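Next come the chains, spelled out residue by residue.
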Amino acid sequence: MTLPVAVLVSGRGSNLGALMAAREAGKLPIQFVLVASDKADAPALRNAEAQGIPTLALDPKSYATRSAFDEALFARVAESGAELVVLAGFMRVIDAAVVDAWRGRIVNIHPSLLPKYRGLHTHRRAIAARDAEHGASVHFVTAELDGGPVIAQARIPIHAGDDEETLAARLLVQEHRLIVACVDAIARGRVSLGNATVHWNGAPVMQPLRLGAEGNLQPT
Ligand code: GRF
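Residues numbered from 1 in each chain as written. Predicted model: local features only at pLDDT ≥ 70, side-chain atom pairs only at ≥ 80, totals over all residues. Heavy atoms only, no water.

What follows is about the site of the ligand. In the neighbourhood of the ligand, the contacting residues comprise Arg12, Gly13, Ser14, Asn15, Gly89, Ile109, His110, Pro111 and Glu175. At 2.5 Å from an oxygen atom of the ligand is found a side-chain nitrogen or oxygen belonging to Ser14. Taking Ile109, its main chain carries an N or O atom lying 2.9 Å from a nitrogen atom of the ligand. Out of a free accessible area of 370 Å², the ligand has 86% covered by protein chains. Sorting the residues of the shell around the ligand by element identifies helix H1 (14–24) and strand S5 (106–110) as the ones contributing at least two each. (Near = heavy atom within 4 Å. Polar contact = N/O pair within 3.5 Å; in protein donor to acceptor, adjacent residues only side chain to side chain. Areas by Shrake-Rupley, 256 points an atom, 1.4 Å probe, with all protein chains shown as cover. Helix = DSSP H or I, 4+ residues; strand = E, 2+ residues; numbered from the N terminus.)

Encoded structure:
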């Protein structure tokens, strides 16, 4: 069984690339049914096309309201047959009603150790706060921006000489491993969203899972 997955992107698409590479290597039991973007020129769309994945670009400016755009986009996502939606660098807040309809079936990757640093400029903020550690989180999406239940996190140390760019580059490597591990765990039925918390092998977890050295998820 392979899980039908739609990926929403706005830019570069390196997380999408990591998912595509894992699937190509036979490591990820998913099929990509759609890669969609709010930016027609997103490099991620070109990469998906090159792999023969159906793509879609919708322009938010063509819609009267934010929610009209979200409804149109997610109508196309539903038509694709997707059972999981992965937000991989999708730089928009999605309408609450749309998000609710996809509860437990939509995840996002965010470059911080949530609940720290929701929103933008996470690397800069972690350095400015003199944090010893930084990281990335994959979470189920709820109406609250970057606020849904966290599935798993990858952690890296912040070095004395780090700036925004070096820290972001080092974290990105771990983001790629994390998104693959999380999508894999969802596809295999190991991770799901319960009433209030993430479930791991059917039981609620109170702390985010962590990314192990082998690229596997582990309880903390
Ligand atoms: C990543 O840092 C991700 O965590 C954030 O946006 C960035 C997307 O990068 N949400 P890419 O487009 O996957 O390369």
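Looking now at the sheet that holds strand S8 (residues 191–193). Strands sit in the order S8-S9-S10 across an open sheet of 3 strands; the sheet is antiparallel. Every interior strand has two partners, whereas the edge strands, S8 and strand S10 (203–204), have only one. One ladder, built from 2 bridges, connects strand S9 (residues 198–200) with S10; its direction is antiparallel. Along S10, the bridge assignment pairs His199 with Pro204. (Pairing = 2+ DSSP bridges.)

Let us look at helix H2 (residues 43–50). Turning to H2, its buried residues number three or more, namely Ala44, Leu45 and Ala48. Considered in projection along H2, the buried side chains sweep an arc of 100° and stay on one side of the axis. On its buried face, H2 is in contact with strand S1 (3–9), H1, strand S2 (30–37) and strand S3 (55–57). Of the residues flanking the end of H2, it is Gly52, one or two places downstream, whose phi is positive at about 80°. (Buried < 20%, exposed > 50% of the residue type's maximum accessible area, 1.4 Å probe, protein only. Arc of directions from axis to C-beta. Contact = heavy atoms within 4.5 Å.)

In the contact formed by H1 and helix H6 (residues 164–187), the axes pass within 9 Å of each other and the chain directions differ by 50°. Taken together, the axes of H1 and H6 are oblique relative to one another. Crossing angle aside, the handedness with which H1 passes H6 is right-handed. Across the interface between the two elements, Ser14, Asn15, Ala18, Leu19 and Ala22 of H1 pack against Leu172, Glu175, His176, Ile179, Val180 and Val183 of H6. (Axes fitted to C-alpha atoms, helices over the stretch in contact; angles between N-to-C directions. Parallel < 35°, antiparallel > 145°, perpendicular 65-115°, else oblique. Left-handed = near helix turned anticlockwise from the far one by under 90°.)

Taking strand neighbours across the sheet as the criterion, the 9 strands line up as S3-S2-S1-S4-S5-S6-S7-S11-S12 in an open arrangement whose pairing is mixed. Looking at which strands have only one partner, the edges of the open sheet turn out to be S3 and strand S12 (217–218). Pairing of strand S6 (residues 133–140) with strand S7 (residues 150–157), which is carried by 7 bridges, proceeds in the antiparallel orientation. Bridge pairing links His139 to Val150 in S7. Where H1 meets the sheet, its contacts fall on S1, S2, strand S4 (84–87) and S5, and the angle it forms with S2 comes to roughly 160°. The strands touched by H2 are S1, S2 and S3; relative to S3, the strand with the most contacts, the crossing angle is about 155°.

A few words on H1. Listed as buried for H1 are Ser14, Asn15, Leu16, Ala18, Leu19, Met20 and Ala22. Looking at the buried side of H1, the elements it contacts are S1, S2, H2, S4, S5 and H6. One or two residues past the end of H1 sits Gly26, with phi positive at roughly 75°.

We now examine the nonpolar core. In terms of nonpolar packing, the biggest core is built from 51 residues, with Val7, Leu16, Val86, Ile151, Val191 and Leu217 touching the most fellow members. In this structure, Val86 is in contact with Val5, Ala6, Val7, Leu8, Leu19, Val107, Ile179 and Val183, ignoring residues within four places of it in sequence. (Core = buried A, V, L, I, M, F, W, Y, C linked by side-chain atoms within 4.5 Å.)

This part takes up the pairing of S7. Among the 8 residues of S7, 6 are classified as buried, and the element is accordingly described as predominantly covered. As paired elements, S7 and strand S11 (residues 209–211) share 2 bridges and run parallel to each other. Its bridge partner lying in S11, Gln153 is registered against Arg210.

Function cannot be inferred from these measures alone, as they are strictly geometric.
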